[in-house]
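The residues making up each chain are set out below.
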Amino acid sequence: MMATITQTKTIRKSITMAPPSPRTNASSYYAGSTEIAQETPITLNRLEPRRKLTKNSTRLVIVLVGLPARGKSFVARKLHYYMNWSGCKCEIFNVGRYRRQAMAELSKRSNQDIISERDEKGACDASFFDAKNQAAAELRQKVAEMALLDMLAWLDDEDEEYLSDGEENADASRNSLNNGGRRASDSSRSLKLGQAKLDFKRYDRIAIFDATNSTVQRRKWILEQCTSPVQRPDKQTGVIFVESICDDRELLEENYRYKISQSPDFDGMSEEEAFADLRQRVLKYENAYETITDDSLSYIKIFNLSTKLMVNHIYGRMAKELIPALMAWHIGTRPVFLCRPGQTSSGIYTDGEDYVSLDKINMNHPSFLDLSSRAKQKNVRGDGLGRTGVKFRQELLDFCYEEAHSFMYKRASVHDMAYTGTSISGLAPAELLTSVGSHGNYDKDHVDDSLYAEPHDHKDPFPLKIMTSTMPRALETVNWEEYEFSVAQMSNLNPLDKGDGSGMELEEVKKINPAWYEKLVKDPYNTRFPGGESYRDLIRRLVPVVIDIEQQVSPCLVVSHVSILQCLMAYFRNSPVEHCMSIEVPMHTVIKFTPVRGGGWIETQHPLCEAAGLSMRQVDSTGDLSTMSNGGSSSPLSPIWGDHLMAQQRTSLKQVVPVAESLQMAF
């Protein structure tokens, strides 16, 4: 019998809806017009700058503008840390460094019998910045050209590596004073070409030109040098000007004090001499200073260190990342605490960051069958804190309580805290109101020291911003009965999504997908798990988390998992993010980061209690992939990324785990 195949032809009909009537009634007027938007010559003309500036340029120059001691270098360093961490290659080209290197070199070439320490460092006093000093003005222009040439060479040359903050660039440029400002070649600085191309083709490049750039003429020259199609054909480069403006006299005095304590230009001067010299320098710059008024430029104006921002022609990625970061950064201090969740039931095996494979739990065990459905689910996922996890939770509360009260006491000793609320009640403790006089004036001599000096019965409120992943054991780690903190649960803080590799060991992955495994070994940072994420993907979703942490003005606690904490620690340490997989994150330890004046952070680690189980081996970091893959090692199989405890004696990947003892501990 022959089957008959009938071919059916589908006829698609285009149904055209009648356009809505242009006439409106009162209700549709307030709801907004439903008429399809039409482009007009006016809208196209206004959108043209946005179209041009939204293009994703692989080269970007951020030109800092501002008088001395306005926080330009602070902004430059924060940008440098942030952009490098977020996936770009970013370098600072500080013209002041070039100027000091040039002056030091000229001093060495002079015929002076004795060279002072200031001359050896290339220090310059206020007279050097006088517009009437023609020789100094020519030298300032020349070192600016040297810095700009180095910057453009770095933007365009993918076969060289440069040290951070322009240090190596400035050293190399000292040899170019007699050759028209051109770079001296140095073969020792070239990398292996294959590796360099692999690295730099992958990342956008952002150069920060750090100088006063205080006149329209100087800024026009920079823009032309960066964007000229004649001098730099086929090298599209975006240029953004960031002007730092400060008219707060008290804040300026603090900035002056910090600058004279740090800058080599004031070495060998008394404090009075340094203040007088700096004020003279600022005055000479003010006489020629021209603020940015050309609205055809892309620029950002920062007023009084981020109290206000003015933005013009900033679109695309810079609008999404740069503007929120500039608003978040501030010069205040507050501690940031990072930690992993407390240890879960000690008899449960996980794949590295909380997920437990079903084949590793005996579902037919009587102790498991007697549990409620919710308890079973918690056990399968490894959500419940074990005995030591509960202990860590209490120790964490004690630690945060002491740290927050110490922080608030120090702050209250220098500033009126009467109207500063806490994260719990929104009100300052009543005892602190005694520090405010009848006229509202602050009197630090009347601060109640007992309020913040020593913790007592955990009844006093204290400020603490808490962020956790959405995994139950992370939330349980900060579930303190004494306090009802508002906890921000963020999926951004969830561990690396291993996709098809969840619950598997490296040896298993290697057998199933050897080609992918080879990519992982060669490039663990950029290699994405099939159906999951790579570490580079983690960085992208952690950008809003970092901005949220940066904008805090009170202590902040982040409870997350190894892969996430490795990425965050790379940011705070300003270490190469592509190597963050090797950062160790100890169990039951708080990693504390405290900001420093220069824009960075200092780190201290505080172990609170030990993980339980002598028969358990703690895996604190991803370590070396060759070791993790058990190549030639007698150690037991290691997880893909460590955030779990693993039995020392493991004989089978399909081992059935007795859960009776662990369930009794957890529930």
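Here's what I pulled together on the structure shown here. In this text the structure is predicted, and so the values were computed from the model without any measurement.

1. What to know about the overall build of the protein chain
Then, number 1: Each helix and strand counted, the protein chain has 23 helices and 14 strands in total.
Then, number 2: The proportion of buried residues among the 667 residues of the protein chain is 49%.
Then, number 3: In the protein chain, the proportion of contacts linking residues at least 24 apart, taken out of those at least 6 apart, comes to 73%.
Then, number 4: Accessible surface, the protein chain as shown: approximately 34,000 Å² in total, 50% of it carbon and sulfur.

2. Description of the pairing of strand β10 (residues 556-559)
Then, number 1: Alternating residues of β10 divide into Cys556 and Val558 and Leu557 and Val559, and every residue in both groups is buried.
Then, number 2: With 4 bridges joining them, strand β7 (residues 336-339) and β10 adopt parallel strand pairing. Bridge pairing in β10 places Phe337 opposite Leu557.
Then, number 3: The pairing of strand β8 (residues 465-468) with β10 spans 4 bridges and is parallel. Across the sheet, residue Met467 finds its bridge partner in β10, namely Val558.

3. Notes on the nonpolar core
Then, number 1: Core analysis: the largest hydrophobic core is formed by 70 residues, its most contacted members being Trp85, Ile300 and Leu338.
Then, number 2: Among all residues touching Leu338, those that are not within four sequence positions of it are Val558, Leu565, Leu568, Met569, Phe572, Thr589, Val590, Ile591 and Phe593.

4. Notes on the packing of helix α6 (residues 134-156) against helix α9 (residues 216-227)
Then, number 1: The N-to-C vectors of α6 and α9 enclose an angle of 30°; their axes lie 11 Å apart at closest approach. Taken as axis vectors, α6 and α9 run roughly parallel relative to one another. When the axes of α6 and α9 are compared, the crossing they make is right-handed. Contacts between α6 and α9 involve Arg140, Gln141, Ala144, Glu145, Leu148, Met151 and Leu152 on the former and, on the latter, Arg218, Trp221, Ile222, Gln225 and Cys226.

5. Overview of the sheet that holds strand β1 (residues 59-65)
Then, number 1: A sheet is described by the order of its strands in space; here 6 strands give the open sequence β2-β3-β1-β4-β5-β6, paired in mixed fashion. In this open sheet, the two strands that pair with only one neighbour each are β2 (89-94) and β6 (308-312). On average, each strand axis in the sheet is inclined to that of its neighbour by 15°, with strand direction left out of account.
Then, number 2: In this sheet, strand β5 (residues 299-303) lies alongside strand β4 (residues 238-245) in parallel orientation, the contact comprising 5 bridges. Across the sheet, residue Glu243 finds its bridge partner in β5, namely Lys301.
Then, number 3: Against the sheet, helix α3 (residues 72-85) touches β1, β2, β3 (205-210), β4 and β5, its axis set at about 160° to β2.

6. Overview of helix α4 (residues 95-109)
Then, number 1: Taking 1.5 Å per residue, 15 residues should reach 21 Å; α4 reaches 21 Å between its end C-alpha atoms and fits that length.
Then, number 2: The element α4 is largely enclosed, with a buried count of 11 among its 15 residues.
Then, number 3: Here α4 has its buried residues at Val95, Gly96, Tyr98, Arg99, Arg100, Gln101, Ala102, Met103, Ala104, Glu105 and Ser107.
Then, number 4: Among the residues of α4, the N-terminal cap falls to Asn94, whose side-chain oxygen and the backbone nitrogen of Gly96 are separated by 2.9 Å.

7. Some thoughts on unusual backbone geometry
Then, number 1: Phi is positive for Asp234, close to 60°, though the residue is something other than glycine.
Then, number 2: With respect to the helices, strands and loops of the structure, Asp234 is situated in the loop between α9 and β4.
Then, number 3: Residues other than glycine seldom take positive phi values, yet Asn304 does so here, at roughly 50°.
Then, number 4: Looking at the element boundaries, Asn304 is found in the loop between β5 and β6.
Then, number 5: The exposure class of Asn304 is buried, given its relative accessible area of 18%.

8. Some remarks on the pairing of strand β12 (residues 601-607)
Then, number 1: Two elements, strand β11 (residues 589-595) and β12, share 7 bridges in a ladder whose sense is antiparallel. The partner of Phe593 across the bridge, within β12, is Glu603.
Then, number 2: Between β11 and the antiparallel strand that follows it, β12, lie 5 residues; Gly599 among them carries a positive phi value of about 110°.

9. Brief notes about helix α11 (residues 271-288)
Then, number 1: Helix length check: α11, at 18 residues, gives a terminal C-alpha distance of 26 Å against a target of 26 Å (1.5 Å per residue), a fit within 8%.
Then, number 2: Every buried residue of α11 is accounted for by Ala274, Phe275, Asp277, Leu278, Arg281, Val282 and Tyr285. All buried residues of α11 project into a common sector of 165° when viewed along the axis, lining one side. Residues of α11 that are exposed and point more than 90 degrees away from the buried face comprise Glu272 and Asn287.
Then, number 3: Looking at the buried side of α11, the elements it contacts are α4 and α10 (249-262).

10. Concerning the packing of α10 against α11
Then, number 1: Between α10 and α11, whose axes approach to 10 Å, the crossing angle comes to 115°. The angle between α10 and α11 places the two elements in the roughly perpendicular class. The hand of the α10/α11 crossing is right-handed. Residue-level inspection shows Glu253, Tyr256, Arg257, Lys259 and Ile260 of α10 in contact with α11, the latter providing Glu271, Ala274, Phe275, Leu278, Arg279, Arg281 and Val282.
Then, number 2: Counted by class, the contact of α10 with α11 contains 6 nonpolar, no polar and 6 charged residues.

11. Considering the sheet that holds strand β9 (residues 487-489)
Then, number 1: With mixed pairing, 6 strands are arranged side by side in an open sheet as β9-β8-β10-β7-β11-β12. The outermost strands of the open sheet, each flanked by one partner alone, are β9 and β12. Mean inter-strand twist for the sheet, computed between neighbouring axes without regard to direction, equals 20°.
Then, number 2: Most of the contacts of helix α20 (residues 535-550) go to β8, to which it runs at about 165°, and overall it touches β7, β8, β10 and β12.

12. Concerning the environment of Met471
Then, number 1: Along the chain, Met471 turns up in the loop between β8 and α17 (472-477).
Then, number 2: Exposure remark for Met471: the relative accessible area of 1% places this residue in the buried category.
Then, number 3: Each C-alpha atom, one on Met471 and one on Ser491, is 8.7 Å from the other, the two residues being 20 residues apart in sequence.

13. Topic: the side chain of Arg219
Then, number 1: Structurally, Arg219 can be placed in helix α9.
Then, number 2: Glu290 provides the closest opposite charge to the buried, unpaired Arg219, separated from it by 5.4 Å.
Then, number 3: At 3.5 Å, the side chain of Arg219 and the backbone oxygen of Thr291 are in polar contact.
Then, number 4: Excluding residues within four positions of it along the chain, Arg219 makes contact with Val65, Asn213, Ser214, Phe241, Glu290, Thr291 and Ile292.

14. Side note on a negative patch on the surface
Then, number 1: A surface patch of negative charge is lined by Asp247, Asp248, Glu250 and Glu254.
Then, number 2: The topology assignment puts Asp248 in the loop between β4 and α10.

15. Some thoughts on the pattern of salt bridges
Then, number 1: This model, assessed by the stated rule, comprises 18 salt bridges.
Then, number 2: Among the ionic pairs, Asp265 bridges to Arg99, the shortest N-O distance being 3.0 Å. Taken as a pair, Asp265 in the loop between α10 and α11 and Arg99 in helix α4 lie far apart in primary sequence, 166 residues in all. Take Asp265 and Arg99: they sit in the same class, and that class is buried.
Then, number 3: A salt bridge links Glu603 to Arg573; the shortest N-O distance between them is 2.7 Å. Residue Glu603 is found in strand β12, and its partner Arg573 is found in helix α21 (residues 562-573); the two are separated by 30 residues along the sequence.
Then, number 4: Look at Glu603 and you get partly exposed, because its relative accessible area is 28%.
Then, number 5: Under the relative-accessibility criterion, Arg573 is labelled partly exposed at 35%.

Cut-offs used in this document
Residues numbered from 1 in each chain as written. Predicted model: local features only at pLDDT ≥ 70, side-chain atom pairs only at ≥ 80, totals over all residues. Heavy atoms only, no water. Helix = DSSP H or I, 4+ residues; strand = E, 2+ residues; numbered from the N terminus. Buried < 20%, exposed > 50% of the residue type's maximum accessible area, 1.4 Å probe, protein only. Contact = heavy atoms within 4.5 Å. Areas by Shrake-Rupley, 256 points an atom, 1.4 Å probe, with all protein chains shown as cover. Pairing = 2+ DSSP bridges. Core = buried A, V, L, I, M, F, W, Y, C linked by side-chain atoms within 4.5 Å. Axes fitted to C-alpha atoms, helices over the stretch in contact; angles between N-to-C directions. Parallel < 35°, antiparallel > 145°, perpendicular 65-115°, else oblique. Left-handed = near helix turned anticlockwise from the far one by under 90°. Expected span 1.5 Å × (residues − 1). Polar contact = N/O pair within 3.5 Å; in protein donor to acceptor, adjacent residues only side chain to side chain. Arc of directions from axis to C-beta. Nonpolar A, V, L, I, M, F, W, Y, C, P; charged D, E, K, R; others polar. Lys, Arg positive; Asp, Glu negative; His and termini not counted. Salt bridge = Lys/Arg side-chain N within 4 Å of Asp/Glu carboxyl O. Patch = residues over 30% accessible without salt bridge, like charges linked within 9 Å, V, L, I, M, F, W, Y side chains within 5 Å. Charge placed at Lys NZ, Arg CZ, Asp CG, Glu CD.

Function cannot be read off these values alone, since they describe shape.
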